[in-house]
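# Coordinate inspection notes
Below, each chain spelled out in residue letters.
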Amino acid sequence: MIESPVMKEFAEKIGQEIRVAVIVEALKARFGKAANQVEAQVRPFVNEEQLVRLHRFAVVCPSVEAFQDRLQSEPPRPADAAKGKRRKPKS
């Protein structure tokens, strides 16, 4: 398989867009239309590790406001900020 930098970047961008959509859908499922305002606030987040944390919080947070507070307390990081730093698997 040929590893093209363009294809890799495209795949990363698609993955980021899917993660954002999943976060927003989780919030919509839990809080209805009140979650519509959050999508624009989540879009700047491109770091995979942050998006995973935000998704986990989206499924347990007590309110849309609590989720927005989390967004304010954790500013977006660059997409590659965590590259090369794999977490150890849980035993």
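Please refer to the structure placed before this passage.
Read on for a plain summary of the structure. (Residues numbered from 1 in each chain as written. Predicted model: local features only at pLDDT ≥ 70, side-chain atom pairs only at ≥ 80, totals over all residues. Heavy atoms only, no water.)

## Some remarks on helix H3 (residues 48–58)
As a reminder of what qualifies: Relative accessibility under 20% of the residue-type maximum defines a buried residue, over 50% an exposed one, and the middle range a partly exposed one, all with a 1.4 Å probe and only protein chains included. Every helix listed is a DSSP run of H or I at least four residues long, and every strand listed is a run of E at least two residues long, numbered separately from the N terminus. Arc definition: directions from the helix axis to the C-beta atoms. In protein, a polar contact means a hydrogen-donor-capable atom and an acceptor-capable atom, both N or O and within 3.5 Å, with residues adjacent in sequence counting only if both atoms are side-chain atoms; elsewhere, any N or O pair within 3.5 Å suffices.
Regarding H3, the residues found buried are Gln-50, Leu-51, Leu-54, Phe-57 and Ala-58. Buried positions in H3, seen along its axis, are confined to an arc of 125 degrees and lie on one side of it. Where H3 begins, one side-chain oxygen reaches toward the backbone nitrogen of Glu-49, 3.0 Å away; that side chain belongs to Asn-47.

## Some details on the pattern of salt bridges
In plain terms, the rule: Any Lys or Arg side-chain nitrogen located within 4 Å of an Asp or Glu carboxyl oxygen qualifies as a salt bridge.
Evaluated as defined, the whole model comprises seven salt bridges. Among the ionic pairs, Arg-19 bridges to Glu-48, the shortest N-O distance being 3.3 Å. Residue Arg-19 is found in helix H1 (residues 5–31), and its partner Glu-48 is found in helix H3; the two are separated by 29 residues along the sequence. Assessed through its relative accessible area of 29%, Arg-19 is described here as partly exposed.

## A few points about the environment of Asn-47
If you trace the backbone, Asn-47 turns up in the loop between helix H2 (39–42) and H3. Through-space distance from the C-alpha of Asn-47 to that of Gln-16 is 7.8 Å; in sequence the pair is 31 residues apart. Here the side chain of Asn-47 touches Glu-49 through a polar contact of 3.0 Å, landing on its backbone nitrogen.

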